[in-house]
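Structural features, examined
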Amino acid sequence: GENVEQHPSTLSVQEGDSAVIKCTYSDSASNYFPWYKQELGKRPQLIIDIRSNVGEKKDQRIAVTLNKTAKHFSLHITETQPEDSAVYFCALGEIDAGNMLTFGGGTRLMVKP
Amino acid sequence: NAGVTQTPKFQVLKTGQSMTLQCAQDMNHNSMYWYRQDPGMGLRLIYYSASEGTTDKGEVPNGYNVSRLNKREFSLRLESAAPSQTSVYFCASNRAGTYNEQFFGPGTRLTVL
């Protein structure tokens, strides 16, 4: 099956700094790339997604960039706040080949006040 | 709407015991999924059901069975639990067709002694 590697596994930043999480994949057929946030003890929730016909998507303080040639995509969080502390998962899938997703291993982000 | 619900929230089993994890959604979604989440390994797909009446294996199906009882309900059964099945189990659902957000249930924390 598809493989997706996520780095770093843990990330500690000072409040107000930016955080970047990167995922790389191997299957060039992948064309859907969502990011999920999971707070401690809670369920994963979608925060942003991107399809392969665009290179960047932004929603307030979060953005996702996609480089299909290099097969990597990244989550960018600016002006981090303590409530951004959570585990973030990238995922990918293939539109028109079912709704299944393959998830990365997760990044634990800690924002220090 | 309750969204995706799961029962039980917690369960402790002895090796060799059986149990069924229940999942239901009230969003009229076609597709439903079962994942397990282990530390550092992200979410791994156990089984999925693209539509009522169909089920398929995911990445880690061994030791599990599923039943898509109707459009709303998708259950996961462990016939003979093993300590390696200690994990947090999440059910998810989404609409069929082009990619749509997967909505997750609150999870079941299972410990097998």
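Higher on the page you've got the structure.
Treat the numbers as computed from the prediction; the structure is a model and nothing was measured.

**A few points about the sheet that holds strand β6 (residues 56-59) of chain A**
Residues and elements named next belong to chain A. Spatially, the five strands line up as an open sheet ordered β1-β3-β8-β7-β6, and their pairing is antiparallel. Edge strands, defined here as strands with exactly one partner in the open sheet, are β1 (4-7) and β6. With strand direction ignored, the average angle separating the axes of adjacent strands in the sheet is 15°. Two elements, β1 and strand β3 (residues 19-25), share four bridges in a ladder whose sense is antiparallel. Considered in β3, the bridge of Q6 is made with C23.

**Digging into the pairing of strand β11 (residues 107-112) of chain A**
All names here are of chain A. The alternating pattern of β11 places T107, L109 and V111 on a buried face and R108, M110 and K112 on a face that is not buried. As paired strands, strand β2 (residues 10-14) and β11 are joined by five bridges and run parallel to one another. Bridging from a neighbouring strand, T10 pairs with R108 of β11. Across three bridges, the pairing between strand β9 (residues 86-92) and β11 is antiparallel. For Y88, the partnering residue across the bridge sits in β11 and is T107.

**Points about the sheet that holds strand β3 (residues 19-25) of chain B**
Either a parallel or an antiparallel arrangement is found when strands of a sheet pair, and the pairing is made through backbone hydrogen bonds. Residues and elements named next belong to chain B. Taken in spatial order, the four strands make up an open sheet running β1-β3-β8-β7, and their pairing is antiparallel. The sheet is open, and its two edges are formed by β1 (4-7) and β7 (64-68), each paired on a single side. Each strand axis lies, on average, 20° off the axis of its neighbour in the sheet, ignoring direction.

**Focus: the environment of I47 of chain A**
Residues and elements named next belong to chain A. Inspection of the secondary structure assignment puts I47 in strand β5 (residues 45-51). When the C-alpha positions of I47 and N99 are compared, they lie 18 Å apart, and in sequence the two are 52 residues distant. In this view, I47 contacts W35, Y36, K37, D59, I62, L75 and Y88; residues no more than four positions away in its chain are not counted.

**Overview of the interface of chain B and chain A**
Contact residues are listed per partner, giving 23 residues for chain B and 19 residues for chain A. Taking both sides of the interface into account, the surface hidden between chain B and chain A amounts to around 1,800 Å²; carbon and sulfur atoms contribute 56%. Counting every contact that joins chain B to chain A gives zero salt bridges. Across the contact surface, chain B and chain A share three residue pairs in polar contact (both at pLDDT 80 or more). Residue assignment for the side of chain B that touches chain A shows that the elements contributing at least two residues are β4 (31-37), β5 (43-49) and β9 (87-94) of chain B. With four residues, β4 of chain B is the largest single contributor of residues to the side of chain B that touches chain A. Among the residues forming the side of chain B that touches chain A, the class breakdown is 12 nonpolar, nine polar and two charged.

**Looking at the state of the cysteines**
Per the counting criterion, the structure on display carries two disulfides over all chains. Each sulfur in the disulfide pair C23 of chain A and C90 of chain A lies 2.0 Å from the other. Its torsion about the S-S bond being -100°, the disulfide of C23 of chain A and C90 of chain A is classed as left-handed. Highlighted residues: C23 of chain A in strand β3 and C90 of chain A in strand β9, separated in sequence by 67 residues. An identical accessibility class is assigned to C23 of chain A and C90 of chain A; each is buried. Between C23 of chain B and C91 of chain B runs a disulfide, and the two sulfur atoms are separated by 1.9 Å. Between C23 of chain B and C91 of chain B, the S-S dihedral sits near -70°, and the bridge is therefore left-handed. A residue pair is termed long-range when its members are at least 10 positions apart, and C23 of chain B in strand β3 and C91 of chain B in strand β9 qualify at 68 residues. Of the residues examined, C23 of chain B reaches a relative accessible area of 2% and is grouped as buried.

The rules behind each value
Residues numbered from 1 in each chain as written. Chains lettered and ligands numbered in written order. Predicted model: local features only at pLDDT ≥ 70, side-chain atom pairs only at ≥ 80, totals over all residues. Heavy atoms only, no water. Pairing = 2+ DSSP bridges. Helix = DSSP H or I, 4+ residues; strand = E, 2+ residues; numbered from the N terminus. Axes fitted to C-alpha atoms, helices over the stretch in contact; angles between N-to-C directions. Buried < 20%, exposed > 50% of the residue type's maximum accessible area, 1.4 Å probe, protein only. Contact = heavy atoms within 4.5 Å. Buried area = accessible area lost by both parts, 1.4 Å probe. Salt bridge = Lys/Arg side-chain N within 4 Å of Asp/Glu carboxyl O. Polar contact = N/O pair within 3.5 Å; in protein donor to acceptor, adjacent residues only side chain to side chain. Nonpolar A, V, L, I, M, F, W, Y, C, P; charged D, E, K, R; others polar. Disulfide = S-S within 2.5 Å.

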